[in-house]
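Notes for the structure review
Below, each chain spelled out in residue letters.
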Amino acid sequence: MALAQSFKPRLNNAFKQLMSVHWWMSGAYLVLFVTGTFMSQLDRSVAYRGSLYDFHKSIGVTSMALLTWRIFLLLQVWWKKYTKRSPKFTTAWFKTVALHSSLYLLMWAVPIAGFLLSNSFRPNNVKFFGIVLPDLFPQNEAMVEIGRSAHFWLAYTFLALIVLHLVAQWKVVRANWRRLSNLLKPRTA
């Protein structure tokens, strides 16, 4: 029994939790990019357009909540790691920190620009799965185009950095793809 317990994974491991939130957020961002691209092409006369926008905003709010949790976990991981030893300030370390800092900044900025767009267009325009959220910005017709442009350009800058992140982590991406492919293969008896 003691041998089995020694191989049992620790459920409170902050790094494992951080990676779990990472993958949940990556799924949320995939949904956000797909729905955002699709809904922006829809004609205003399409009946489900408003529902799709509400769903997109709800997933955006969810991603902000996950981001808050993720930052908390990241700070735990950094605390545990860097109280034991200082980081090696190499060029690779600075590149990694710069890329990840930019990603985190955009994870915050894109939904904030979405709030600016939605709130500027109409008050009480952001719902979290049907619950109206308080406005972060006042209604202001002059800010609608600024919010739309900021949300668009920040989102596609974020997407470009995600692609850079995938390239930088290509070995991990390939290993995860292999695991997923093996999982989905039909099993023979």
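Reading the values: rules and limits
Residues numbered from 1 in each chain as written. Predicted model: local features only at pLDDT ≥ 70, side-chain atom pairs only at ≥ 80, totals over all residues. Heavy atoms only, no water. Helix = DSSP H or I, 4+ residues; strand = E, 2+ residues; numbered from the N terminus. Rg over C-alpha atoms; globule rule 2.2 N^0.38 Å. Buried < 20%, exposed > 50% of the residue type's maximum accessible area, 1.4 Å probe, protein only. Contact = heavy atoms within 4.5 Å. Areas by Shrake-Rupley, 256 points an atom, 1.4 Å probe, with all protein chains shown as cover. Core = buried A, V, L, I, M, F, W, Y, C linked by side-chain atoms within 4.5 Å. Salt bridge = Lys/Arg side-chain N within 4 Å of Asp/Glu carboxyl O. Axes fitted to C-alpha atoms, helices over the stretch in contact; angles between N-to-C directions. Parallel < 35°, antiparallel > 145°, perpendicular 65-115°, else oblique. Left-handed = near helix turned anticlockwise from the far one by under 90°. Nonpolar A, V, L, I, M, F, W, Y, C, P; charged D, E, K, R; others polar. UniProt positions renumbered as here; feature names shortened; annotations may be inferred. Phe/Tyr/Trp six-rings, centres within 6.5 Å; stacked < 30°, edge-to-face > 60°. Expected span 1.5 Å × (residues − 1). Polar contact = N/O pair within 3.5 Å; in protein donor to acceptor, adjacent residues only side chain to side chain. Lys, Arg positive; Asp, Glu negative; His and termini not counted.

Okay, the overall build of the protein chain next. Secondary structure summary: the protein chain contains six helices and two strands in total. Tracing the protein chain from N to C terminus, the helices and strands come up as α-α-α-α-β-β-α-α. Relative to the 2.2 N^0.38 estimate, which gives 16 Å for 189 residues, the radius of gyration of the protein chain is 20 Å and therefore markedly larger than a compact globule would have. Seen along its three principal axes, the alpha-carbon backbone of the protein chain occupies a region of about 65 × 50 × 30 Å. Looking at the protein chain residue by residue over its 189 residues, the buried ones come to 30%. Look at the contacts in the protein chain between residues 6 or more apart in sequence, and 67% of them connect residues 24 or more apart. Accessible area of the protein chain: about 13,500 Å², with a carbon and sulfur share of 69%.

This next bit is on the nonpolar core. With 22 residues, the main nonpolar core has Met-25, Tyr-29, Leu-103, Met-107 and Phe-158 as its most contacted residues. For this core, the secondary structure elements donating two or more residues are α2 (14–40), α3 (49–84), α4 (91–121) and α5 (141–168). Counting residues per element, this core draws most heavily on α2, at eight residues. Those residues within four positions of Met-25 in sequence are excluded, and the remaining contacts are Ser-63, Leu-66, Leu-67, Arg-70 and Met-107.

Another point: the pattern of salt bridges. Per the stated rule, a full pass over the model turns up two salt bridges. One salt bridge in this structure joins Lys-127 and Asp-54, with 3.9 Å as the shortest N-O distance. With a gap of 73 residues between them, Lys-127 in strand β1 (residues 127–128) and Asp-54 in helix α3 connect regions that are remote in the sequence.

For the pair α2 and α3, the least separation of the axes is 8 Å and the interaxial angle reads 155°. As judged from the angle between their axes, α2 and α3 are roughly antiparallel. Seen along the crossing, α2 lies across α3 with a hand that is left-handed. Its residues placed into classes, the contact of α2 with α3 shows 22 nonpolar, nine polar and three charged.

Before going further, it helps to examine the environment of Gln-169. Along the polypeptide, Gln-169 turns up in the loop between α5 and α6 (170–184). According to the relative accessible area criterion, Gln-169 is partly exposed, its value standing at 32%. Sequence-wise, Gln-169 and Met-39 are 130 residues apart; in three dimensions their C-alpha atoms are separated by 30 Å.

Attention shifts here to the UniProt feature "transmembrane region" (unreviewed entry) in the protein chain. In the numbering used here, UniProt assigns the feature "transmembrane region" (unreviewed entry) to residues 21–39, 59–79, 91–117 and 153–173. Helix makes up 100% of residues 59–79 and strand 0%, with an end-to-end C-alpha separation of 30 Å.

This paragraph deals with the packing of aromatic side chains. Under the defined criterion, the tally for this structure stands at eight aromatic pairs. The rings of Tyr-29, Phe-33 and Phe-158 are connected pair by pair, giving a single aromatic cluster.

This brings us to α5. For α5, which comprises 28 residues, the first-to-last C-alpha distance of 41 Å matches the rise-based estimate of 40 Å (1.5 Å per residue) to within 8%. All of the buried residues in α5 are Val-144, Gly-147, Ala-155, Phe-158, Leu-161 and His-165. Residues of α5 that are buried make contact with α2 and α4. The backbone nitrogen of Ala-142 has a side-chain oxygen 3.0 Å away, supplied by the residue at the start of α5, namely Asn-140.

Moving on, we get to the side chain of Arg-49. Mapped onto the fold, Arg-49 is located in helix α3. In this structure, Arg-49 is buried with no salt-bridge partner, the nearest side chain bearing the opposite charge being Asp-43 at 7.5 Å. A distance of 3.5 Å separates a polar atom in the side chain of Arg-49 from the backbone oxygen of Leu-42. Apart from the residues lying within four places of it in its own chain, the contact partners of Arg-49 are Met-39, Leu-42, Asp-43 and Arg-44.

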